[in-house]
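Below, each chain spelled out in residue letters.
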Amino acid sequence: MILVTGATGNIGSALLKELRAGGHGPVRGLTRDTARAAFPEGVEAVAGDLAEPASLKSALAGARSLVLLSGVGSDAGVLMAARHAGVEHVVLVSSITVETHPHLGPARANLAVERLLKESGMAWTVLRPTQFASNALLWAAVIRENGTVRAPYADVALPTVHPADIASVARVALTEPGHRARTYAVTGPEPVSARQQVGSIAAALGREVPFTEISREQAYAQTIAVFGAEAADAVLDVTGGDANDALLAVRHTVPDVTGTPARPFRQWAAENVTAFH
């Protein structure tokens, strides 16, 4: 039994599809509202809240593998509940900032969860993805209204990753040998800047999308509105303000682990173009 948390999110939903398509199972998808969950046929929808580990008792019963997104709920409580339920292997989705920006608060928090997992007695695999392609959805409302996308660090190119590639690496780690006690940095196949991302969305839409570069100071207010004051500086640092060689580097984890090329940002844009109409 595999329990996928964050099952309605970008990574979890893609992972459920891959697991079912590959005939792996049984599979459970964790959601706070089973009535609204639209999971692939054969996936058991189970109720629970990562912020309330006691609510996971039924979901964890009989589960031998767990996929957990760091920082979504009470990580320590969830890991303790998983261990007590007999879970043998946890695939943790952490962040590449643990190695690229270890001094930042969110990175220290992710590292703390990684350490908790490694000290839990359960087998583990840690995934450290870079910037998600799906972060571009933050521009969706502006683009739908034919407005101008405004972003800082317009030409800093990061190897943005398609969430489905994170799911693919997780699926292999869950279902094939040789991936326990491994830590994988996960990136896309090529660097892509904010300006280039908007260009890919424009190409998918078949129309121009205006783009304007703004200063860090101008971006700060809108970053606070989305991520909160505590995380705003960290977000701006890792989206270009403090881009270092480790953050900019393309890693070959996706093809090496899955045997298939990583998906480029333009593919994500084409697949999600309806969000921008």
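Data block above holds the structure.
These notes cover the structure that comes with them. Note that the structure is a prediction, hence the values are computed from the model and not measured.

### Points about the packing of aromatic side chains
Point 1. Inspection of the entire model under this criterion finds two aromatic pairs.
Point 2. Taking 5.5 Å as the distance between ring centres and 35° as the angle between the ring planes, the aromatic pair formed by Phe265 and Trp268 counts as tilted. Here the residue Phe265 and the residue Trp268 both occupy positions in helix α13 (residues 265-271), the gap between them amounting to three residues, near one helical turn. Across this residue pair, the class does not change: Phe265 and Trp268 are buried.
Point 3. Geometrically, the ring pair formed by Trp268 and Phe276 is edge-to-face, given 6.1 Å between the ring centres and 75° between the ring planes. No difference in accessibility class separates Trp268 from Phe276, as the two residues are buried.
Point 4. The positively charged end of Lys118 is found above the aromatic ring belonging to Trp124, 4.6 Å away from the centroid.

### Comments concerning the sheet that holds strand β1 (residues 2-4)
Point 1. The strand order across the open sheet built from seven strands is β3-β2-β1-β4-β5-β6-β8, with neighbouring strands paired in parallel fashion. With partners counted over all chains shown, the strands left at the sheet margins are β3 (43-47) and β8 (182-186), one partner each. Adjacent strand axes in the sheet meet at a mean angle of 20°, parallel and antiparallel pairs treated alike.
Point 2. Two strands pair when backbone bridges link them, and β1 and strand β2 (residues 27-31) are joined in this way by three bridges, in the parallel orientation. Bridging from a neighbouring strand, Val4 pairs with Gly29 of β2.
Point 3. In the packing of helix α7 (residues 163-175) onto the sheet, contacts are made with β1, β4 (65-69), β5 (89-93), β6 (123-129) and β8, and the angle to β5 comes to roughly 165°.

### Points about the side chain of Arg171
Point 1. In this fold, Arg171 is placed in helix α7.
Point 2. Using a relative accessible area of 19% as the deciding quantity, one classes Arg171 as buried.
Point 3. Leaving out residues up to four positions away in the same chain, Arg171 has contacts with Leu15, Glu18, Leu19, His24 and Glu176.

### Notes on unusual backbone geometry
It is generally the case that most residues other than glycine have a negative phi and that most peptide bonds are trans.
Point 1. Residue Pro26 follows Gly25 across a cis peptide bond; omega there is 0°.
Point 2. As for its position among the elements, Pro26 is in the loop between α1 (10-21) and β2.
Point 3. We note that Ala181 has phi near 60°; this positive angle belongs to a residue other than glycine.
Point 4. Along the polypeptide, Ala181 turns up in the loop between α7 and β8.

### Points about the nonpolar core
Point 1. Counting residues in hydrophobic clusters, the biggest one holds 30 residues, and the most contacted among them are Val4, Leu15, Leu127 and Val186.
Point 2. At the level of secondary structure, the elements contributing two or more residues to this core comprise β1, α1, β5, α7, β8 and α12 (253-258).
Point 3. Excluding its chain neighbours within four sequence positions, the residues that come into contact with Val186 are Leu127, Arg128, Pro129, Thr130, Val161, Ile166, Val169, Thr253 and Val254.

### Digging into the pairing of β5
Point 1. Of all five residues in β5, five are buried, a share of seventy percent or more.
Point 2. Burial along β5 is two-sided: the face carrying His89, Val91 and Val93 and the face carrying Val90 and Leu92 are both buried.
Point 3. In terms of strand pairing, β4 meets β5 through five bridges, oriented parallel. Counterpart to Val67 in the pairing with β5 is Val91.
Point 4. Read from β4 through helix α3 (residues 75-85) to β5, the crossover connection turns out right-handed.
Point 5. As paired strands, β5 and β6 are joined by five bridges and run parallel to one another. Bridge assignment links Val90 to a residue of β6, and that residue is Trp124.

Rules and cut-offs
Residues numbered from 1 in each chain as written. Predicted model: local features only at pLDDT ≥ 70, side-chain atom pairs only at ≥ 80, totals over all residues. Heavy atoms only, no water. Phe/Tyr/Trp six-rings, centres within 6.5 Å; stacked < 30°, edge-to-face > 60°. Helix = DSSP H or I, 4+ residues; strand = E, 2+ residues; numbered from the N terminus. Buried < 20%, exposed > 50% of the residue type's maximum accessible area, 1.4 Å probe, protein only. Lys NZ or Arg CZ within 6 Å of the ring centre and 35° of its normal. Pairing = 2+ DSSP bridges. Axes fitted to C-alpha atoms, helices over the stretch in contact; angles between N-to-C directions. Contact = heavy atoms within 4.5 Å. Core = buried A, V, L, I, M, F, W, Y, C linked by side-chain atoms within 4.5 Å. Right-handed = clockwise from strand over helix to strand, strands pointing away.

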